[in-house]
Amino acid sequence: EGDGTGKGDGNGNATGGMPALGGIGTGAAGSTGSGNTMTVSRDEACVTDSATADAIPAVIQMVVDTSGSMNWAPGENSPPRRGQMSKWQITSAALKEAVADLPSTVALGLNFYPNTQGDDPCIRNRTEVPIALLGETRSRQRIEVSQAIDNADPRGGTPTHAAYRFGAQTVLESNLEGRKFVLLITDGVPTYTLTCGGDGENAVNSSPLIEEAGAVTEQGISTFVIGSPGSEAARSDLSRMASEGGTAAPGCSDDGPAFCHLDMTEAPDFGAALTAGLGQIAGQISACEYVIPKAPTGQTIDLDRVNVIYTKGDGSEQTIPRDPTLTECTTGWQYSADQTQLTLCGAQCEAVKADPKAKIELIFGCSTDRGEPPK
């Protein structure tokens, strides 16, 4: 990455470390490929500089079920036997691992439910960890999230609607920039209504909760839903909630068997499935939209001499060509209307979202690679 001091000499040679820009380079000298498709690497003679592109940040509120049934063993209505782990023990470990893998630019907050103490009825809504940027490894925010998870004490019923509304309001009120999400994790049907009607044991009507997810989507917040073992009776409702929340899985059905939320009820290994599911969500939260680094003072970026390199989690690289239509974002990548961001399209977007360790880098100086991306 550059240090912000570099300039190009107009012949494709870099003399410093930032995008050295504005009419630099003479084309894709040394590029490989044929026709209108080429592969640009950092070693091309025309390359003047490079910079890592930062994804548009995300703001996430996790709403996590800590009702008494989370103390049970997965798939059972009783505490774990010797050698088993409770659903909460498994969930807490997976949550901490998922948070550890999130990038520093993600802002995260956390609330548990029902959070009741003593004879408190139904729910005691409160923010366990206020929304803030995660920052680097061992940051204060990461430590506080991990400690809150460790200190959770599952008990009480399942007032899902009240907890979800509280979480959605919390992320909506955040002043941090970024795409906004609620991540709901539950192991059962709601046993209390929004206004705490119900006995805490038997299911209540979920229709108002599903409608709430649709209303939250209209406010610009997407909702991910994870159904842990114990939520079998709620699968169709949780699926509809994910559909209304704008995160339905491709080809899913609210009537199953491929539900639209992340359904863990039949996973042979709940821990492994939850870890994978949280990783999948982390990939989807990572937007396919990236900010183009600003040029040094007095310079401009030649947008016809920008190339995109995707470094995969395994370390291999590939050039992602710009969408050849220049209008429809169906493959490759495109600039935003104001040309301050670029968006990955189609299969390239899906590949990057599915790769939690993906890195997008911009190479400056060579004519932009256009054409069908490599398969």
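In this text, all values refer to a predicted model and were calculated from it rather than measured experimentally. (Residues numbered from 1 in each chain as written. Predicted model: local features only at pLDDT ≥ 70, side-chain atom pairs only at ≥ 80, totals over all residues. Heavy atoms only, no water.)

Points about the state of the cysteines
Covalent bonding between the sulfur atoms of two cysteines is what defines a disulfide. Under the defined criterion, the tally for this structure stands at 5 disulfides. Bridging C252 to C260, the disulfide has an S-S length of 2.0 Å. As the torsion about the S-S bond is roughly 90 degrees, the C252-C260 disulfide counts as right-handed. When its relative accessible area of 22% is taken as the criterion, C252 is described as partly exposed. Owing to a relative accessible area of 5%, C260 belongs among the buried residues under this scheme. Sulfur-sulfur distance for the disulfide between C288 and C349 comes to 2.0 Å. Between C288 and C349 the sulfur-sulfur dihedral comes to about 85 degrees; the bridge is accordingly right-handed. Placement of the pair is C288 in the loop between α6 (270-285) and β11 (289-291) and C349 in helix α7 (residues 346-353), with a sequence separation of 61 residues. Taken as a pair, C288 and C349 share a single burial class, namely buried. Cysteine pairing in the protein follows 1-10, 2-3, 4-5, 6-9, 7-8, where each cysteine in a disulfide is numbered by its order in the sequence. (Disulfide = S-S within 2.5 Å. Buried < 20%, exposed > 50% of the residue type's maximum accessible area, 1.4 Å probe, protein only. Helix = DSSP H or I, 4+ residues; strand = E, 2+ residues; numbered from the N terminus.)

A short note on helix α4 (residues 207-218)
With 12 residues, α4 ought to run about 16 Å at 1.5 Å a step, and its terminal C-alpha atoms sit 17 Å apart, in line with that. Taken together, the buried residues of α4 touch α3 (160-172), β9 (221-227) and α5 (235-244). Two residues or fewer past α4, G220 is found with a positive phi of approximately 90 degrees. (Expected span 1.5 Å × (residues − 1). Contact = heavy atoms within 4.5 Å.)

A closer look at unusual backbone geometry
Residue P114 follows Y113 across a cis peptide bond; omega there is 15 degrees. With respect to the secondary-structure elements, P114 resides in the loop between β6 (107-113) and β7 (129-133). The residue after G256, namely P257, is reached through a cis peptide bond having omega 0 degrees. For P257, the position within the fold is in the loop between α5 and β10 (262-263). Positive phi is not limited to glycine here, since R138 has a value of about 65 degrees. Tracing the backbone shows R138 in the loop between β7 and α2 (140-151). Backbone geometry places C196, a non-glycine residue, at a positive phi of 70 degrees. Within the element layout of this structure, C196 appears in the loop between β8 (179-186) and α4.

Side note on α5
Among the residues of α5, those classed as buried are R235, L238, S239, M241 and A242. Down the axis of α5, the sector holding all buried residues measures 155 degrees, keeping them to one side. Turning to α5, the residues buried within the fold contact α3, β8, α4, β9 and β10. Two residues or fewer past α5, G246 is found with a positive phi of approximately 80 degrees. (Arc of directions from axis to C-beta.)

Side note on the pairing of β6
Counted residue by residue, β6 has 7 buried out of 7 residues, so it is predominantly covered. Of the two faces of β6, the one carrying A107, G109, N111 and Y113 and the one carrying L108, L110 and F112 are both buried. Relative to β6, strand β5 (residues 58-65) runs parallel, the two sharing 7 bridges. Note on β6: the bridge partner recorded for M62 is L110. Read from β5 through helix α1 (residues 87-101) to β6, the crossover connection turns out right-handed. (Pairing = 2+ DSSP bridges. Right-handed = clockwise from strand over helix to strand, strands pointing away.)

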